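# A look at the structure
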Amino acid sequence: ATSLGNAAFGPARSFYLKQPADPMTLTVTVDGVPFPPNAAWRYVARTRAIRFDRDAIPDVGAQIEVRYQPACQP
């Protein structure tokens, strides 16, 4: 699990993962509440980022947790 914070200058929209993720294993919670994929966020494999939709950006100070299994590398 990786806990991510918000940027110092306002709410961040994208959060970058340390490793490529297997998209089928991704779960995102904000302040302990599950956020559904595709309705509130999407995974951008090219940049290894969780990107929240404009109307679903977590508030500054929100606790964001992303859980995933690393993707298998060829």
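Summarised in this report is the structure supplied together with it. Everything numeric here is computed off the predicted structure, so don't read it as measured data. (Residues numbered from 1 in each chain as written. Predicted model: local features only at pLDDT ≥ 70, side-chain atom pairs only at ≥ 80, totals over all residues. Heavy atoms only, no water.)

What follows covers the nonpolar core. Grouped together as the largest cluster of nonpolar side chains are 17 residues, with contacts concentrated most on Leu17, Leu26, Trp41, Ile50, Phe52 and Val66. Put simply, the parts of the chain that give this core at least two residues each are β3 (27-30), β5 (41-44), β6 (49-52) and β7 (64-67). In contact with Trp41, other than residues within four places in its own chain, are Leu26, Val28, Phe35, Pro36, Ile50, Arg51, Phe52 and Asp53. (Core = buried A, V, L, I, M, F, W, Y, C linked by side-chain atoms within 4.5 Å. Buried < 20%, exposed > 50% of the residue type's maximum accessible area, 1.4 Å probe, protein only. Helix = DSSP H or I, 4+ residues; strand = E, 2+ residues; numbered from the N terminus. Contact = heavy atoms within 4.5 Å.)

All right, on to the pairing of β7 then. Of the two faces of β7, the one holding Ile64 and Val66 is buried and the one holding Glu65 and Arg67 is not buried anywhere. Taken together, the four bridges between β3 and β7 define a ladder with antiparallel strand orientation. Bridge pairing in β7 links Thr27 to Arg67. (Pairing = 2+ DSSP bridges.)

Pairing between sheet strands relies on hydrogen bonds along the backbone, with the strands arranged either parallel or antiparallel. With respect to topology, three strands assemble into an open sheet ordered β2-β6-β5, the strand pairing being antiparallel. Unpaired on one side and paired on the other, β2 (14-16) and β5 mark the two borders of the sheet. Within this sheet the neighbouring strands show an average axis-to-axis angle of 20°, counted without direction. One ladder, built from three bridges, connects β2 with β6; its direction is antiparallel. When the sheet's bridge partners are listed, Phe15 is paired in β6 with Ile50. (Axes fitted to C-alpha atoms, helices over the stretch in contact; angles between N-to-C directions.)

It is worth spelling out unusual backbone geometry at this point. For Asn38, which is not a glycine, the phi torsion comes out positive at approximately 70°. Residue placement: Asn38 occurs in the loop between β4 (33-35) and β5. Classification of Asn38 as exposed rests on a relative accessible area of 70%. The backbone of Arg48 sits at a positive phi, close to 55°, despite the residue not being glycine.

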